[in-house]
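As a plain string of letters, each chain reads:
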Amino acid sequence: MTRSRAGDFRRAAVAGAAAVLLLLGGCTVPVDTSAAALAPSAPTPQEQGIADIVRKAMADQSLRAVIVKVTRGDQVVTSQAFGESLDGVPATTDMRFRNGAVVFAYLGTLLLLFVEEGKAGLDDTIDRWMPELPESGKVTLKMLTNQTTGYPDFETDPGWNAAFNADPFQSWTFERRLKYAFSRPIQFPPGTNWSYAHTNFMILGEILAKIGGRPLDVLLREKVMEPMGLRSTVGSQTGAVPEPALHSYSSERRVALGVPPKTAFYEEATYWNSDWGTPVGANQTSTIDDMATTAIAVGTGKLLSESSYRAMTEPNLLGFGHAQANCAPSCFKQIVGYNYGLGVVRSGDWILQDPLVGGYSATEAFLPQEKVGISVATTFLPGAFDCKGVYPNSSDTVFRLIGAYVAPDHAPPMPPPYKKAC
């Protein structure tokens, strides 16, 4: 989900020890509880290198907290937290945060599982389930999942934005969002261009629930999340974040609230309800461990056949799409640095998702060639926001810096440097 600013191309544990008694052959063996035994081990050179990258990025990009986990094969390269959640409360690797558009990868997986089961086909038109939608006889399940329907994004509707900014804690029904989405005409004939639209996944979620015959949250949990091995990713129709929560802060309502550009404005956004950006039943919070598990499971196609995995992750849209006035800046040509699969983004050789929502940014990415996974979550200090309250997806930038360090032969493409509008 954006506020993910896919157009960035348009413009990364220390474990404590406890004293225990080990029973062995009827004898008790005391554990060494000396200061030397309990002290954390020194970081490896690679851990230190990643930490240096993160600390520099925090200073350069005004980041409040960064949580990072890097894996290679079945080994954890590093798992660390930097900065503070609340003032005086350090960020920790077990803290929860919003995972936003990461759920789109789960939706793509669920769709492909249904295709493998013969319950639907990627080229099935959606009039089979929702005949009342515009161009339903031409829009396919694949188009919903790879963002080529032409459906307008309700997030770009001025009325929707005004309603959201007036109360960011409210919940959004499917029907209400649908009215905002189709208050404007379809942007282009289905399948003829590419445009990021939350509307597509909102509709896809409704259809997947119809195909599966059960609520979407149940289907995702039983068919995708539990088989992937996720343990701490949970859904909610409210803005609740289970403890321990990584707290977020934002200035993005500055213009909507009429705060002058030179007046300080920075508000807590932790409990803003993000159900507006995902299908009903798919508004989630997660942890860095589950993000890392997701990166590996999606990046390796753990739950899918080889053909389904290729359909989901290969750069099938590379070179497709073009700029178009009535959907600027969401319409653009798919390039090596950013091209869309089925619920995932392809950037160079990396497979990823990188949401930005309510003062949180998060990225999970996987490099199949070297079996490297990188997951990052960030929150922001006031200096990250420009005079209009706009801010970059810094987790994506941190991922790319770490990726270039740990896998230099497959360094993720870097977008142009982010420049504040003012």
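Everything discussed here concerns the structure shown above.
Residues numbered from 1 in each chain as written. Predicted model: local features only at pLDDT ≥ 70, side-chain atom pairs only at ≥ 80, totals over all residues. Heavy atoms only, no water.

This brings us to the sheet that holds strand 7 (residues 234–235). Judged by pairing direction, the sheet is antiparallel, and its three strands sit side by side in the order 6-10-7 without closing on themselves. Two strands lie at the open edges of the sheet, namely strand 6 (97–98) and strand 7, each paired on one side alone. Note: strand 7 against strand 10 (residues 284–286), two bridges, orientation antiparallel. Counterpart to Val234 in the pairing with strand 10 is Thr285. (Pairing = 2+ DSSP bridges. Helix = DSSP H or I, 4+ residues; strand = E, 2+ residues; numbered from the N terminus.)

Applying the stated criterion across every chain, the model contains 22 aromatic pairs. Taking the centre distance of 6.4 Å and the plane angle of 65 degrees together, the rings of Tyr266 and Phe385 count as edge-to-face. On the criterion of sequence distance, the pair formed by Tyr266 in the loop between strand 8 (249–250) and strand 9 (267–268) and Phe385 in the loop between strand 16 (372–380) and helix 11 (394–406) is long-range, its members being 119 residues apart. Judged by relative accessible area, Tyr266 falls into the partly exposed class, the value being 27%. Seen in terms of ring centroids, Phe332 and Tyr338 are 5.7 Å apart; in terms of plane orientation they differ by 55 degrees. Their pairing is tilted. Residue class for Phe332 comes out buried when judged on its relative accessible area of 9%. With relative accessibility at 4%, the residue Tyr338 sits in the buried group. Each member of the aromatic cluster is reached from another via a ring pair, and the members are Phe154, Trp160, Phe164, Trp172, Tyr180, Trp272 and Trp276. One residue, Arg176, lies across the ring of Trp172, its end atom 3.8 Å from the ring centre. (Phe/Tyr/Trp six-rings, centres within 6.5 Å; stacked < 30°, edge-to-face > 60°. Buried < 20%, exposed > 50% of the residue type's maximum accessible area, 1.4 Å probe, protein only. Lys NZ or Arg CZ within 6 Å of the ring centre and 35° of its normal.)

The next subject is the packing of helix 9 (residues 288–300) against helix 10 (residues 306–313). Look at helix 9 against helix 10: their axes get within 9 Å of each other, and the N-to-C directions meet at 110 degrees. By the angle between their directions, the pair helix 9 and helix 10 is classed as roughly perpendicular. Contacts from Val298, Gly299 and Thr300 in helix 9 reach Tyr309, Met312 and Thr313 in helix 10. The class makeup of the residues in the contact of helix 9 with helix 10 is three nonpolar, three polar and no charged. (Axes fitted to C-alpha atoms, helices over the stretch in contact; angles between N-to-C directions. Parallel < 35°, antiparallel > 145°, perpendicular 65-115°, else oblique. Contact = heavy atoms within 4.5 Å. Nonpolar A, V, L, I, M, F, W, Y, C, P; charged D, E, K, R; others polar.)

So, about the packing of helix 3 (residues 102–116) against helix 7 (residues 198–212). The geometry of helix 3 relative to helix 7 is characterised by a closest axis approach of 11 Å and an angle of 35 degrees between their N-to-C directions. The element helix 3 and its partner helix 7 pack so that their crossing is left-handed. The segment helix 3 lies against helix 7, with Phe104, Leu107, Leu110, Leu111 and Phe114 engaging Phe201, Leu204, Leu208, Ile211 and Gly212. Looking at the contact of helix 3 with helix 7, its residues break down into nine nonpolar, one polar and no charged. (Left-handed = near helix turned anticlockwise from the far one by under 90°.)

Attention now goes to the environment of Lys262. Along the chain, Lys262 turns up in the loop between strand 8 and strand 9. In this structure Lys262 comes out as exposed when scored by relative accessible area, which is 88%. Considered as a pair, Lys262 and Cys387 are 125 residues apart in the sequence and their alpha carbons are 7.3 Å apart.

Another point: the pattern of salt bridges. For the structure on display, the rule yields 14 salt bridges. For Lys142, the salt bridge identified is with Asp123, shortest N-O distance 3.9 Å. Within this pair, whereas Lys142 is found in helix 4 (residues 141–146), its partner Asp123 is found in the loop between helix 3 and helix 4, the two being separated by 19 residues in sequence. A residue is classified by how much of its surface remains accessible, and Asp123, at 57% relative accessible area, is exposed. Three or more residues joined by partner-sharing salt bridges are found here, namely Glu117, Lys119 and Lys223. (Salt bridge = Lys/Arg side-chain N within 4 Å of Asp/Glu carboxyl O.)

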